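# Examining the three-dimensional arrangement
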Amino acid sequence: MTTAPQPTVTEAVDDYLKAIFELAEEGGRASTASIARKLEIAPASVTGMLRKLAEQDPPWIAYEKHRGAVLTDRGRQRALEIIRHHRLIESYLHHTLGYSWDEVHDEAEKLEHAISEQFEERIAEALGDPQSDPHGHPIPRKDGSMPERNEIGMLELEVGAGALISRVSDRDPELLRYFSRLGVRPGVRLELVERSPFDGPLLVRLDGATELTALGNKICREIHVSPDGPTEEP
């Protein structure tokens, strides 16, 4: 019996596993089209790679042509390892080397595949074993578990409710710079004062300010909040 070619753990494999994990966090199974958009790769190339990842013994993913991909236990463990590298590097760049939070993502993308497990642990030790990165995203623990979070999307918050911002999207540096100008960052407390009709903006009071801040729906989709109490401030 002929054995299918087995891809090694290359940067490309890691990128696929991480993308599938992150897409699943956002809403279930990762489709070929969503992976292609996230990695900026042609859908046909994505399909071929997904088949290879599913054919490995043991497989990295479970894949069905019209249903997309989910990580196996093996694939999830590897994805969490790379995500831990990425978020620890972001934290080190931000807290130790003075990078702004809109600069760290691209640098971490380059370095996450290169560091050793020993270097990863040295970073974690130097930073006091942080639970979240500068954008508030949870850092997987060394054993592959994730810190528990009680959080909801900003758009799910009820009018009159207070909450702490727990995390914001790190995908767009310009959006992060806009958040900085507004004072929107993890650890900041807010109160939802008014929800404008017809998909209008949410009016929020940040950290007890007298003036309200308007946040459009598109921006609010990039913000998660913890309505039940404090989260670690990155």
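Residues numbered from 1 in each chain as written. Predicted model: local features only at pLDDT ≥ 70, side-chain atom pairs only at ≥ 80, totals over all residues. Heavy atoms only, no water.

### A closer look at the overall build of the chain
Operational definition: Starting at the N terminus, helices and strands are each numbered in turn, a helix being any DSSP run of H or I of at least four residues and a strand any DSSP run of E of at least two. Radius of gyration means the value over C-alpha atoms here, while the globule rule gives 2.2 Å times the residue count to the 0.38 power. Working definition: with a 1.4 Å probe on protein chains only, accessible area under 20% of the residue-type maximum means buried, over 50% means exposed, and in between means partly exposed. Note on contacts: a residue pair qualifies if any of its non-hydrogen atoms lie within 4.5 Å across the two residues. For accessible areas, the Shrake-Rupley method is used with a probe of radius 1.4 Å. Any residue's cover is judged against the shown protein chains and nothing else. Lys and Arg are tallied as positive, Asp and Glu as negative. Neither His nor the chain termini are counted. All charge positions are set by atom: Lys at NZ, Arg at CZ, Asp at CG, Glu at CD.
Along the chain, the regular secondary structure elements total eight helices and eight strands. Rg of the C-alpha trace for the chain: 19 Å, near the compact-globule value of 17 Å for 234 residues, within the 12% margin. For the chain, the C-alpha atoms occupy an extent of roughly 70 × 45 × 30 Å along the three principal directions. Here the chain holds 234 residues, and 42% of them are scored as buried. Partitioning the intrachain contacts of the chain with sequence separation of at least 6 by distance along the chain shows that 61% fall at a separation of at least 24. Of the accessible surface of the chain, which amounts to about 12,600 Å², a share of 49% is contributed by carbon and sulfur atoms. Within the chain, one finds 28 positive and 42 negative side-chain charges whose respective centroids are separated by 4 Å.

### Examining the packing of aromatic side chains
In this description, an aromatic ring pair is defined by two values, namely the gap between the centres and the angle between the planes. As a reminder of what qualifies: Classification of ring pairs uses Phe, Tyr and Trp, with its six-membered ring standing for Trp, and accepts pairs whose centres are within 6.5 Å; under 30 degrees between planes counts as stacked, over 60 as edge-to-face, and the remaining range as tilted. In this scheme, the term charge over a ring applies when either NZ of a lysine or CZ of an arginine sits within 6 Å of the ring centre and within 35 degrees of the ring normal.
Under the definition given, this model contains zero aromatic pairs. Geometry around tryptophan 60 places arginine 74 over its ring, the cationic atom sitting 3.7 Å from the centre. Just above the ring of tryptophan 101 sits the side chain of arginine 185; from NZ or CZ to the centre is 4.3 Å.

### Observations concerning the sheet that holds strand 6 (residues 202-206)
In sheet architecture, strand pairing relies on hydrogen bonds along the backbone and comes in two forms, parallel and antiparallel. Worth spelling out the cut-off: For two strands to be treated as a pair, DSSP must find no fewer than two bridges joining them.
Taken in spatial order, the six strands line up as 3-8-4-5-6-7 in an open sheet, and their pairing is antiparallel. Lying at the two open borders of the sheet, with one neighbouring strand each, are strand 3 (152-153) and strand 7 (213-215).

### A few points about the pattern of salt bridges
When the charged atoms of two side chains lie near each other, side chains of opposite charge can form a pair. Using the following cut-off: Salt bridges are defined by distance alone: a side-chain nitrogen of Lys or Arg within 4 Å of a carboxyl oxygen of Asp or Glu.
Across all of its chains, the model carries 16 salt bridges by this definition. Residue arginine 177 pairs with aspartate 102 through a salt bridge whose shortest N-O separation is 2.9 Å. Of this pair, arginine 177 sits in helix 7 (residues 173-182) while aspartate 102 sits in the loop between helix 4 (73-95) and helix 5 (104-111), placing them 75 residues apart in sequence. The shortest N-O distance in the salt bridge between arginine 181 and glutamate 174 comes to 4.0 Å. Exposure remark for arginine 181: the relative accessible area of 58% places this residue in the exposed category. Connected through shared salt-bridge partners, Asp102, Glu174, Arg177 and Arg181 make up one network.

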